[in-house]
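This is what each chain is made of:
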Amino acid sequence: MFPRVQKEVDAVIGMKQQISYDDLGELTYLSQVLKETLRLYPSAPGTHREVVEDMTAGGYNVPGGAILQFDSYVCGRMDKFFEDPLRFDPDRFHPDAPKPYYTYYPFSLGPRACLGQKFAQMEAKVVMAKLLQRFEFSLVPGQSFDILDTGTLRPKSGVVCSVTHRENHKM
Ligand code: HEM
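Parameters at a glance
Residues numbered from 1 in each chain as written. Predicted model: local features only at pLDDT ≥ 70, side-chain atom pairs only at ≥ 80, totals over all residues. Heavy atoms only, no water. Helix = DSSP H or I, 4+ residues; strand = E, 2+ residues; numbered from the N terminus. Buried < 20%, exposed > 50% of the residue type's maximum accessible area, 1.4 Å probe, protein only. Contact = heavy atoms within 4.5 Å. Areas by Shrake-Rupley, 256 points an atom, 1.4 Å probe, with all protein chains shown as cover. Lys, Arg positive; Asp, Glu negative; His and termini not counted. Charge placed at Lys NZ, Arg CZ, Asp CG, Glu CD. Core = buried A, V, L, I, M, F, W, Y, C linked by side-chain atoms within 4.5 Å. Polar contact = N/O pair within 3.5 Å; in protein donor to acceptor, adjacent residues only side chain to side chain. Salt bridge = Lys/Arg side-chain N within 4 Å of Asp/Glu carboxyl O. Patch = residues over 30% accessible without salt bridge, like charges linked within 9 Å, V, L, I, M, F, W, Y side chains within 5 Å. Donors = N, O, S within 2.8 Å, 3.2 Å for Na, K, Ca; no water. Near = heavy atom within 4 Å. Nonpolar A, V, L, I, M, F, W, Y, C, P; charged D, E, K, R; others polar. UniProt positions renumbered as here; feature names shortened; annotations may be inferred.

Q: How would you explain the overall build of the protein if you had to name every residue and give the values?
A: What the protein contains, in helices and strands, is five helices and eight strands. Ordering the α and β elements of the protein from the N terminus gives α-α-α-β-β-β-β-α-α-β-β-β-β. For the protein, the spread of C-alpha atoms along the three principal axes comes to 65 × 40 × 25 Å. Burial analysis of the protein (171 residues in total) assigns 30% to the buried set. Contacts in the protein between residues far apart in sequence, at least 24 positions, make up 61% of those at least 6 positions apart. Carbon and sulfur atoms form 58% of the exposed surface of the protein, whose accessible area is close to 11,500 Å². A distance of 4 Å separates the average location of the 20 positive side-chain charges in the protein from that of its 21 negative side-chain charges.

Structure representation (structure tokens):
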């Protein structure tokens, strides 16, 4: 995964200092990596909605006034929705792959979904592209992948990496 995303960044950004909006559109594999990361580690793991009036959903009768919890973290890890769900595979989000149907929603869905979704995705891609352009990363062995849940999720003990300048990309 890492060499492939690095190669894409090199092809699209090269040595450029400024990343344009058009460049971001061409970083398709980087987008896939971001989406797959948010499937396994959604920063906002869930949301809830109040049901306005009695309704039936998936064969269940839901009374008006009920609060329903929607858990993006759980959905993202269900083998009913994602084959071999704990495997990190950005090609699940390949442009030609079937789109998840209401089973993937790190930014929620519907009219009250995240207002900052587009901005957050652009910002993340700019930061990731700039880091990949300039540095090599290797994860220091022996770390836990434990999650700290304080309403939003983050790595419990950080993500400790060795970082070196890429030889041909010193700026
Ligand atoms: C990776 C980054 C982010 C993630 C995963 C995320 C995720 C979410 C989620 C799950 C919701 C709940 C929506 C719901 O209950 O249906 C939400 C709401 C919201 N987010 Fe984000 N968000 C991110 C970044 C941002 C940024 C950068 C901004 C602003 C620039 C932003 C602005 C908002 C606003 C205003 C709402 C409330 C929308 C409403 O209630 O109508 N978010 N976000």
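Q: So what about the nonpolar core? Which residues, and what values?
A: Grouped together as the largest cluster of nonpolar side chains are 12 residues: V5, V9, V12, I13, I19, L24, L27, Y29, L30, V33, A129 and L132. The contact partners of L24, leaving out residues within four places of it in the chain, are I19, M122, K125 and V126.

Q: Report on the environment of E136, specifying residues and quantitative values.
A: Topologically, E136 is positioned in strand 5 (residues 135–139). The spacing of E136 and S31 is 105 residues in sequence and 19 Å in space, taken between C-alpha atoms. Every residue in contact with E136, bar those within four places of it in the chain, is listed here: F2, Q6, S162, V163, T164 and R166. Only 3.5 Å separates the side chain of E136 from the side chain of Q6, close enough to count as a polar contact.

Q: Which residues make up the side chain of E8, and what values do they have?
A: Relative to the elements of secondary structure, E8 occurs in helix 1 (residues 2–12). The buried charged residue E8 lacks any salt bridge, with K125 as its nearest oppositely charged partner at 7.0 Å. A polar contact is formed between the side chain of E8 and the backbone nitrogen of Y29, at a distance of 2.7 Å.

Q: Go over a nonpolar patch on the surface with me, naming the residues and quoting the values.
A: A grouping of Y41, L139, F145 and V159 is seen on the molecular surface, where their side chains present a nonpolar patch of about 420 Å² in accessible area. Among the structural elements, L139 can be located in strand 5. Given the relative accessible area of 47%, L139 is considered partly exposed.

Q: Help me get a handle on the coordination of the iron atom of the ligand, residues and values and all.
A: Just one protein ligand coordinates the iron atom of the ligand, and it is C114 (SG) at 2.2 Å. For C114, the location among the structural elements is in the loop between helix 4 (72–76) and helix 5 (117–134).

Q: A description of the site of the ligand should follow, citing residues and the corresponding values.
A: Around the ligand, 14 residues are found, and the nearest of them are T47, R49, S108, R112 and C114. A distance of 2.3 Å separates an oxygen atom of the ligand from a polar side-chain atom of R49. Between an oxygen atom of the ligand and a side-chain N or O atom of R112, the distance comes to 2.6 Å. Counting only elements with at least two residues in the shell around the ligand, the list comes to strand 1 (46–50) and helix 5. The residue inventory of the shell around the ligand, partitioned by class, reads eight nonpolar, four polar and two charged.

Q: Any chance you could break down the UniProt feature "binding site: heme" (unreviewed entry) in the protein for me, citing the residues and the numbers?
A: Annotation from UniProt places "binding site: heme" (unreviewed entry) at C114. With a relative accessible area of 36%, C114 lands in the partly exposed category.

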